[in-house]
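So you can see what is in the structure, the chains are spelled out below.
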Amino acid sequence: MKKSSIVIAGGGSTFTPGIVLMLLKHSDRFPIRQIKFYDNDAERQKKIAEACKILLAERAPEIAFSYTTDPEEAFTDVDFVMAHIRVGKYAMREKDEKIPMRHGVFGQETCGPGGIAYGMRSIGGVLEILDYMEKYSPKAWMLNYSNPAAIVAEATRRLRPDSRIINICDMPVGIEERMAEILKLPNGRKDMEVRYYGLNHFGWWCDIRDKQGHDLMPQIKAHVKEHGYVVNPNDKNVEASWQDTFAKAKDVYAVDPDTLPNTYLKYYLYPDYVFQHDNEHPDHTRANEVMEHREKHVFAAAKDIVDKGTAKDCAFEADDHASYIVDLAEAITTNQKARMLLIVENNGAIANFDPTAMVEIPCIVGANGYEKISIGKIPQFQKGLMEQQVSVEKLVVDAWINGSYQKLWQALTLSKTVPSASVAKAILDDLIEANKAYWPELH
Ligand code: NAD
Ligand code: G6P
Ligand code: MN
């Protein structure tokens, strides 16, 4: 069997160790000959990489491992670029979340003004990595998690139309695992076949069946109607803020009981609620939580491995996030024809929606990349919401390409999360000030 070479871009990410563990777990079906890390922050990456070096030497000494900040070294001789960079890191995420709050609008990593600000930072960083890949390993695939995936996907569609990038999200996978738990399916979400459509962080399931074709929607709906996607309210492994989001899915579902919603729709359907809820602790947002929990935990686990010189009882963990990207690489390598949700150009897959929109739909994945599954026509409610949101995403990319203040003001004004053009302008002016080091100059 062919052995693959992989570079993880954003080597210093909190999700890097999980992907390494998952690559090892899949190694009988998807063998690896080389793993490299690439990051533009040498110090941050080193902490994770030195721990992974020890782990790999113990568990898979046959895999060559290295890490670097040099693009040529990183991107030469690779089959896959697994990318999860965060341009501006958590310090800028914190600003994305706190600045809109000063103007009465919630702040969030990928939705509303925070997501728009993050998009303006991410586009350049992701394009740079894609260009390195095309220069040094033109046959490779870039599997991209870097957020905000919707805006990044629109930017790469527009600016690098022929490039081999596939944009993905782990949220539907995470929710499907919860559905599988509700249904008590023995093999988890892989026992289900789903039809899903929307934009990234903005979609709905319209059909879910078991492998024999039995409709599973009624049983899931009955649960969601009462509990949202909460499976165990006392689960200590689920942080309180995520538990709130899974519970709020009950109210999101109530707006359209024909479908099952992505949890991110709470930001668009209940922005007033989210603002009031978050405004109870305006100085302590999700970015602070992540720095106090996930980042601390992962970097402490890495330090522990390095201090002890062994990864024997290490605290690194691999989850849905890691399994999804490794499943995707495996499906391409082994020509598996696996059915997976990807963010792709619509081009008729959703019949009554903008053909140039980047939509999240099921695709069949194999050696040639992906083939889209046709969704047909979608209902007016979803179509209306999606038209507004996709226009926001397109205007952000227009603003980035043209350095246009006007387009970005329009993007913020059009966002369903912002009440007026004057609020949009006030937020924009603060975001420009905060993002001077990252955004193109706007005029
Ligand atoms: P993190 O800050 O821990 O890691 C990001 C890394 O990227 C850092 O080490 C940083 O130095 C590096 N980086 C930043 N800009 C770079 C550049 N231009 N070139 C190379 N490296 C660069 O962040 P995290 O919380 O681990 O998340 C990583 C990314 O994955 C984020 O974009 C996050 O939104 C995304 N993510 C996406 C999904 C999804 O569903 N698509 C799921 C989880 C996380
Ligand atoms: C889900 C989404 C990602 C997002 C992440 C935020 O996994 O699919 O796109 O980045 O949640 O999680 P966090 O723990 O960083 O708030
Ligand atoms: Mn996502």
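- As recorded in an unreviewed UniProt entry, the protein goes by 6-phospho-alpha-glucosidase and comes from Selenomonas caprae.
- Heading Sequence similarities (unreviewed entry) of the UniProt record for the protein holds this comment: "Belongs to the glycosyl hydrolase 4 family."

1. Observations concerning the environment of valine 231
Here is step 1 of the chain: With respect to the element layout, valine 231 can be found in the loop between helix H8 (217-227) and helix H9 (240-255).
Here is step 2 of the chain: When the C-alpha atoms of valine 231 and arginine 195 are compared, they prove to be 22 Å apart, with 36 residues separating the residues in sequence.
Here is step 3 of the chain: With sequence-adjacent residues up to four places away left out, valine 231 is seen in contact with Arg178, Glu181 and Ile182.

2. Section: the pairing of strand E10 (residues 338-345)
Here is step 1 of the chain: Where burial is concerned, most of E10 is hidden: 6 out of the 8 residues are buried.
Here is step 2 of the chain: One ladder, built from 8 bridges, connects E10 with strand E11 (residues 358-366); its direction is antiparallel. Bridging from a neighbouring strand, isoleucine 343 pairs with glutamate 360 of E11.

3. Quick notes on the coordination of the manganese ion (ligand 3)
As a benchmark, a tetrahedral metal site with four donors has ideal angles of 109.5 degrees, while an octahedral site with six donors has ideal angles of 90 or 180 degrees.
Here is step 1 of the chain: Of the protein atoms, only Cys169 (SG) and His201 (NE2) coordinate the manganese ion (ligand 3), at distances of 2.2 to 2.4 Å. Placement of the pair is cysteine 169 in the loop between strand E6 (165-167) and helix H7 (171-183) and histidine 201 in the loop between strand E7 (192-199) and strand E8 (202-210), with a sequence separation of 32 residues.
Here is step 2 of the chain: Its relative accessible area of 8% is what places cysteine 169 among the buried residues.
Here is step 3 of the chain: Judged by its relative accessible area of 5%, histidine 201 falls in the buried class.

4. So, the UniProt feature "binding site: Mn(2+)" (unreviewed entry) in the protein
Here is step 1 of the chain: Residues annotated by UniProt as "binding site: Mn(2+)" (unreviewed entry) correspond here to Cys169 and His201. Considering the C-alpha atoms alone, the annotated residues occupy 33 residues of sequence yet fold into one spot, their largest mutual distance being 8.1 Å. Among the residues just listed, His201 line the largest cavity.
Here is step 2 of the chain: Residues contacting cysteine 169, with those up to four places away along its chain left out, are Tyr145, Asn200, His201, Tyr324, Ile343 and Glu360.
Here is step 3 of the chain: Setting aside residues up to four positions removed in sequence, histidine 201 forms contacts with Thr110, Asn147, Cys169, Asn262, Tyr264, Tyr268 and Glu360.
Here is step 4 of the chain: A polar contact of 2.8 Å, which involves the side chain of histidine 201, links it to the side chain of threonine 110.

5. Looking at the sheet that holds E8
Strand pairing in a sheet relies on backbone hydrogen bonds. The paired strands run either parallel or antiparallel.
Here is step 1 of the chain: The strand order E7-E8-E9 describes an open sheet built from 3 strands, whose pairing is antiparallel. In this open sheet, the two edge strands, each paired with only one partner strand, are E7 and strand E9 (260-261).
Here is step 2 of the chain: Here E8 pairs with E9 via 2 bridges, running antiparallel. Residue pairing across strands places tryptophan 205 opposite leucine 260, the latter belonging to E9.

6. Topic: the environment of alanine 149
Here is step 1 of the chain: Looking at where alanine 149 falls in the secondary structure, it is placed in helix H6 (residues 149-159).
Here is step 2 of the chain: Take alanine 149: its relative accessible area is 0%, and that puts it in the buried class.
Here is step 3 of the chain: Along the sequence, alanine 149 and glycine 119 sit 30 residues apart, while their C-alpha atoms lie 8.4 Å from each other.

7. Some thoughts on the site of ligand 1
Here is step 1 of the chain: In the vicinity of ligand 1 there are 26 residues, among which Ser13, Thr14, Asp39, Tyr90 and Tyr118 approach most closely.
Here is step 2 of the chain: In the model, an oxygen atom of ligand 1 is placed 2.9 Å from a nitrogen or oxygen of the asparagine 147 side chain.
Here is step 3 of the chain: Between ligand 1 and the protein, one listed contact pairs an oxygen atom with a backbone N or O atom of aspartate 170 at 3.0 Å.
Here is step 4 of the chain: Summarising the interface, the protein chains cover 96% of the accessible area of ligand 1, which totals 870 Å² for the free molecule.
Here is step 5 of the chain: The residue makeup of the shell around ligand 1, split by class, is 9 nonpolar, 9 polar and 8 charged.

8. Topic: the site of ligand 2
Here is step 1 of the chain: Around ligand 2, the neighbouring residues are Arg93, Glu109, Asn147, Cys169, Asp170, Met171, His201, Trp242, Tyr264, Arg286, Val290 and Arg294.
Here is step 2 of the chain: One of the side-chain nitrogen or oxygen atoms of arginine 93 is found 2.8 Å away from an oxygen atom of ligand 2.
Here is step 3 of the chain: Contact distances for ligand 2 include 2.6 Å between an oxygen atom and a side-chain N or O atom of aspartate 170.
Here is step 4 of the chain: Considering ligand 2 on its own, with 390 Å² of exposed area, one finds that the protein chains cover 85% of that surface.
Here is step 5 of the chain: In terms of residue count, the dominant contributor to the shell around ligand 2 is helix H12 (residues 286-308) (3 residues).
Here is step 6 of the chain: Of the residues that constitute the shell around ligand 2, the class distribution is 5 nonpolar, 2 polar and 5 charged.

Conventions used here
- Residue indices follow the written sequence of each chain, beginning from 1 at its first position.
- A letter from A marks each chain and a number from 1 marks each ligand, given out in the order of writing.
- Confidence filtering applies because this is a predicted model: local features only for residues at pLDDT of at least 70, side-chain atom pairs given and counted only at 80 or more, and all residues used for totals across whole chains, interfaces and linings.
- As a rule here, side-chain values cover all heavy atoms of the structure and leave hydrogens and water aside.
- UniProt positions are given in the numbering used here, feature names are shortened, and annotations may be inferred rather than shown by experiment.
- Numbering of helices and strands runs from the N terminus, with a helix taken as a DSSP run of H or I at least four residues long and a strand as a DSSP run of E at least two residues long.
- Whether two residues are in contact is decided by their heavy atoms: any pair within 4.5 Å suffices.
- Burial status follows relative accessibility: with a 1.4 Å probe on protein chains alone, a residue under 20% of its type maximum counts as buried, one over 50% as exposed, and anything between as partly exposed.
- Strands were regarded as paired on the criterion that DSSP finds at least two bridges between them.
- Metal coordination here is assigned from N, O and S atoms located within 2.8 Å of the ion, or within 3.2 Å for Na, K and Ca; omission of water means that sites may look incomplete.
- Points on a 1 Å grid over protein atoms alone make up a cavity when a 1.4 Å probe fits among them but cannot get out, and a pocket when they form an open set with protein on both sides within 12 Å along at least five of seven lines; lining residues each have an atom within 4 Å of a point.
- Counting of polar contacts relies on pairs of N or O atoms within 3.5 Å, with two restrictions inside protein: one atom must be capable of donating a hydrogen and the other of accepting it, and residues adjacent in sequence are counted only when both atoms are side-chain atoms.
- Being near a molecule or strand, for a residue, comes down to having at least one heavy atom within 4 Å of it.
- Computed with the Shrake-Rupley method and a 1.4 Å probe, the accessible areas treat only the protein chains shown as cover for residues.
- Gly falls in the polar group here, along with every residue not listed as nonpolar (Ala, Val, Leu, Ile, Met, Phe, Trp, Tyr, Cys, Pro) or charged (Asp, Glu, Lys, Arg).

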